[in-house]
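Working through the structure, step by step
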Amino acid sequence: MSLDEILESPRLMMKLSFPPVMLQLMEEASKSEPDFAVLGKIISMDPALSTTILNLVNSPFYGLSQEISDFKRAAVVLGTRELLNLAVTVTYQKHICANLNTDDYKVFNDWMLTVWGAISAQLIASRICPEQADKVYLCCLLKDISLFFLRCAAPEELPENISKKLVTGSYHSQSEDENSTWGMNHGALSQLLLTRWKMNTIECPSLQHHHELEDIDSADAPTKALILATKWAEMELGNKKSPFNVLQFEVQLQRALDMDEDVIEQFREVCRTKFQSMLNILGMSEGEADTHFYNHSIRSLQSCYFMSLELLSAEGGMDSIARTIGRHLKLNWDLTSWELTLKSPHTDKYKLYRVNKGENLELVATNCPADKIPWQRRSKGDDIISRDIHFGNFRFDEQKMRTEDRDSLNLYFRFIGQAYEHYYAKQHLVEGRAETLESLPLGIASLDSQGDIIDMNEEMSRLLGGATISGAKQFSELFKIGLGSSIGNSWDEFLEDDSKKSFSKIICASLRTGGVPRDACLYVSAYKQERDEEELVTLIMEDIREISESQIQALKQRDFLEGLVDSMRDVVLTVDKRGNIHYASSRFSKIFLGRNIFDIATPSETFTGRWGPELFEKKKTIVEVLLKRTETSGRPFEFGISKLAGPGEKSLIVARDLTAIRRLEEKLKRQAVFDGLTDLYNHTQFNSLMVREIKRSIRTGRPVGLLFFDLDGFKAVNDNEGHQVGDEVLKAVGEILRNELRSGMDFPCRYGGDEFGVIVTEVRPEALEKIGNRIRLRVEKKFSGKVTISGGLTVLKEGDTSASMLSRADKATYEAKDLGGNVLVWAK
């Protein structure tokens with residue numbers, strides 16, 4: 001039956017529907033100010049309810065100094081709202097118990113979680129949102145009503161991981177399971193059921209979030225109170241299995257409520273007193289009280305926690321664990337005569353330890369099945385348990401021990417159970433593995449992500465030939481010192497490339513173990529691992545003794561050739577007949593390996609053949625290409641392609657990087673065209689440009705002009721301020737010319753020294769004069785009149801040559817000088 005069918009079934013919905021008294025109480029609770037007269041009338045309808053409430057009022061729940069015998073006085077002392085909360089709680093409890101208690105399910109344990117949660121929710125809310133404390137109390141009281149309902153009406157609809165004995169106890173993936181089964185979590189389902197039962201007068205939007213402890217920082221205050229209270233109830237009452245988690249939550253609670261340890265302990269005391277009073281008045285037992293953590297102070301929890309932590313760092317196996325426990329028993333409980341069993345991590349059998357008064361710890365028996373342990377003491381003792389797994393038992397003579405000491409000893413062994421589970425799962429197995437690894441003929445080392453050795457076993461030290469005394473830390477350096485051979489560039493690539501998780505290589509070297517060096521081959525393998533958010537490398541090195549002499553020589557030859565190829569500046573590739581790259585120099589393997597040569601290389605403009613596999617048909621080919629090493633535009637390379645002999649129709653490509661050559665060619669070209677100081681066209685280009693533009697003007701009929709000038713005052717700058725300042729003047733003049741002239745149409749040139757020529761195309765005389773004067777004024781302004789220009793202007797005339805134009809402009813420049821400078825003169 002689906003959830004929708006259950007919700008639409010009047011018969012099933014009636015199984016936990018509430019009596020009129022509960023509905024009237026909830027309606028009154030929804031009011032901002034409950035009416036005492038109405039409340040009194042409702043309560044008087046049920047004599048048993050009124051008696052129970054008065055008993056609670058006079059119990060340690062409130063700790064009143066005088067007995068109260070009527071509701072009116074109770075309302076004055078406690079307030080109408082508080083009486084209303086009590087009435088709802090008692091009515092809810094009686095209704096739940098009457099409908100849910102069956103032979104296979106007792107509601108007591110679930111009710112204890114509910115009561116502690118509601119009481120603590122009200123206390124927490126009174127601190128962080130006091131105006132909503134009563135509402136939070138009722139919301140927490142009703143938050144799991146959906147689980148109670150389904151346990152009563154349709155237990156088969158509960159997700160399979162919800163315990164049928166304790167339905168309100170949560171587990172890690174509960175919300176996901178509930179959403180998968182019902183399409184909502186049980187908090188949202190509780191809100192839906194309250195609506196169906198006409199009890200939606202109190203809005204509790206926080207119900208569907210009451211298990212979201214991870215998101216508590218983003219929750220509003222009422223929701224935060226509900227979340228903390230829900231978890232607190234589970235920790236204090238329902239977490240028999242994980243005492244570490246209980247203490248961790250107590251610390252989290254202190255931080256969330258900004259309380260110190262003493263204040264949180266007072267909170268616990270209030271909760272404990274109200275909780276026990278409520279259970280007592282309602283005639284409910286605390287169950288196994290010694291399993292509830294609220295009976296122990298935070299300091300007691302901390303003390304047991306810190307003692308149990310010693311087990312996590314114990315070295316020396318189970319004997320060390322027994323000695324640590326014995327020391328704790330002697331110092332804290334003065335126990336000097338006892339027996340202890342511990343389960344072996346490798347088998348389901350036990351070791352028995354015994355201490356008799358005045359004697360040392362004795363290992364009495366090993367490999368004992370649980371029913372064959374030779375106990376001296378017949379008492380049941382304390383089981384050492386974690387997560388329902390039995391790890392051992394402790395027995396002693398209890399007659400003289402005080403009750404509080406016995407309770408604290410019981411608590412201690414609960415912490416010991418969880419600590420031993422951690423040791424059992426990790427530390428002891430690590431010790432066993434370490435012993436096993438030490439006995440194997442393998443060199444093993446742990447390295448950091450940079451390749452520095454953190455730790456290694458004796459065999460690794462032996463294989464490295466004592467190189468560790470050098471003080472070097474890098475494994476590659478120790479390898480070279482100890483074996484006289486390099487581990488290769490592929491090792492550095494392995495460390496640097498995050499995508500490479502493993503490394504393996506056979507290396508032949510001179511092994512110096514045993515006195516006389518001998519030729520040997522070592523198999524080196526390494527694996528990257530993440531530990532505590534840090535990358536470490538586990539390295540294994542093995543001496544392959546059974547390898548033949550011919551194989552050793554072949555491997556040595558391979559290592560030599562690999563080293564030779566890796567030392568080349570050129571890229572060495574092998575490709576199949578389709579151009580797929582099967583081998584690449586180790587420095588370039590991660591860039592090229594597995595790619596197709598025709599996808600990553602395109603021929604230069606001078607290539608005339610077909611770009612494809614046909615290239616490999618020739619015995620030898622030289623071709624210039626643009627090679628894309630990554631997703632960039634590519635770099636120029638020269639490919640030398642040769643066919644390889646043997647099967648597979650493979651070809652060898654030796655790729656030479658032409659980038660440096662092309663840069664040099666570009667630099668030389670630029671030096672041939674531009675002046676190195678001003679970045680203007682040089683003297684040679686001036687003459688070439690003049691000839692070219694005159695021919696173009698004659699051919700097209702479009703005019704061309706020339707401005708030729710030198711600098712006034714430049715010699716004084718050089719003489720008085722130095723040639724470096726003079727150079728800066730020339731650079732500034734060059735920049736002015738580039739900024740003031742038309743790119744591609746006008747050509748500024750440095751003729752020589754402080755002389756400049758500007759070829760201006762498609763220009764009339766009046767426009768040429770404007771351009772010249774604009775340049776003159778910019779120079780005058782730039783140097784504040786200290787440096788100016790004197791120049792001549794001319795345009796192309798019939799029969800002119802470049803020499804005749806330059807001669808006229810040069811003479812005009814002299815005339816400008818004679819006029820005092822800072823002027824332009826038209827050539828005659």
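Residues numbered from 1 in each chain as written. Predicted model: local features only at pLDDT ≥ 70, side-chain atom pairs only at ≥ 80, totals over all residues. Heavy atoms only, no water.

1. Points about the overall build of the protein
Helix and strand content of the protein: 30 helices and 21 strands. The C-alpha atoms of the protein give 47 Å as radius of gyration, which overshoots the globular expectation for 828 residues (28 Å, by more than 25%). By the burial criterion, 48% of the 828 residues in the protein qualify as buried. Taking all contacts inside the protein whose residues are at least 6 apart in sequence as the whole, residues at least 24 apart take part in 57%. Total accessible area on the protein is roughly 41700 Å²; 49% of this is exposed by carbon and sulfur atoms. Separation of charge centres in the protein, based on 103 positive and 122 negative side chains, amounts to 6 Å. (Helix = DSSP H or I, 4+ residues; strand = E, 2+ residues; numbered from the N terminus. Rg over C-alpha atoms; globule rule 2.2 N^0.38 Å. Buried < 20%, exposed > 50% of the residue type's maximum accessible area, 1.4 Å probe, protein only. Contact = heavy atoms within 4.5 Å. Areas by Shrake-Rupley, 256 points an atom, 1.4 Å probe, with all protein chains shown as cover. Lys, Arg positive; Asp, Glu negative; His and termini not counted. Charge placed at Lys NZ, Arg CZ, Asp CG, Glu CD.)

2. Thoughts on the packing of aromatic side chains
Per the stated rule, a full pass over the model turns up 29 aromatic pairs. Ring geometry for phenylalanine 475 versus phenylalanine 479: centroids 5.9 Å apart, planes at 55°, classification tilted. Taken as a pair, phenylalanine 475 and phenylalanine 479 lie in helix H20 (residues 475-483) at a separation of four residues, close to a single helical turn. Exposure class is identical for phenylalanine 475 and phenylalanine 479. Each is buried. The rings of Trp333, Trp338, Phe394, Phe396, Tyr412 and Phe413 are connected pair by pair, giving a single aromatic cluster. If you follow arginine 414 out to its NZ or CZ, it ends over the ring of phenylalanine 293, 4.0 Å from the centre. (Phe/Tyr/Trp six-rings, centres within 6.5 Å; stacked < 30°, edge-to-face > 60°. Lys NZ or Arg CZ within 6 Å of the ring centre and 35° of its normal.)

3. Things to note about helix H6 (residues 71-78)
Those residues of H6 lying buried are Phe71, Ala74 and Ala75. For H6, the angular spread of the buried residues around the axis is 100°, confining them to a single face. Residues of H6 that are exposed and angled more than 90 degrees away from the buried face: Lys72 and Val76. As for H6, its buried residues are in contact with helix H4 (36-44), helix H5 (47-57) and helix H7 (80-100). Regarding H6, its N-cap is aspartate 70, as a side-chain oxygen of that residue lies 3.1 Å from the backbone nitrogen of lysine 72 further along. Just downstream of H6, glycine 79 is the residue with a positive phi angle, here 100°. (Arc of directions from axis to C-beta. Polar contact = N/O pair within 3.5 Å; in protein donor to acceptor, adjacent residues only side chain to side chain.)

4. Section: empty space enclosed by the protein
Considering all chains together, one arrives at one cavity of 30 Å³ or more under this definition. The calculated volume of the largest cavity comes to roughly 30 Å³. Around the largest cavity sit Leu113, Lys143, Asp144, Thr168, His211, Thr230, Ala233 and Glu234, which together line it. Top element by residues in the lining of the largest cavity is helix H13 (residues 221-237). It accounts for three residues. (1 Å grid on protein atoms, 1.4 Å probe; cavity = no way out; pocket = protein on both sides within 12 Å on 5 of 7 lines; lining within 4 Å. Points joined across faces, edges and corners; volume = space filled by probe spheres on them.)

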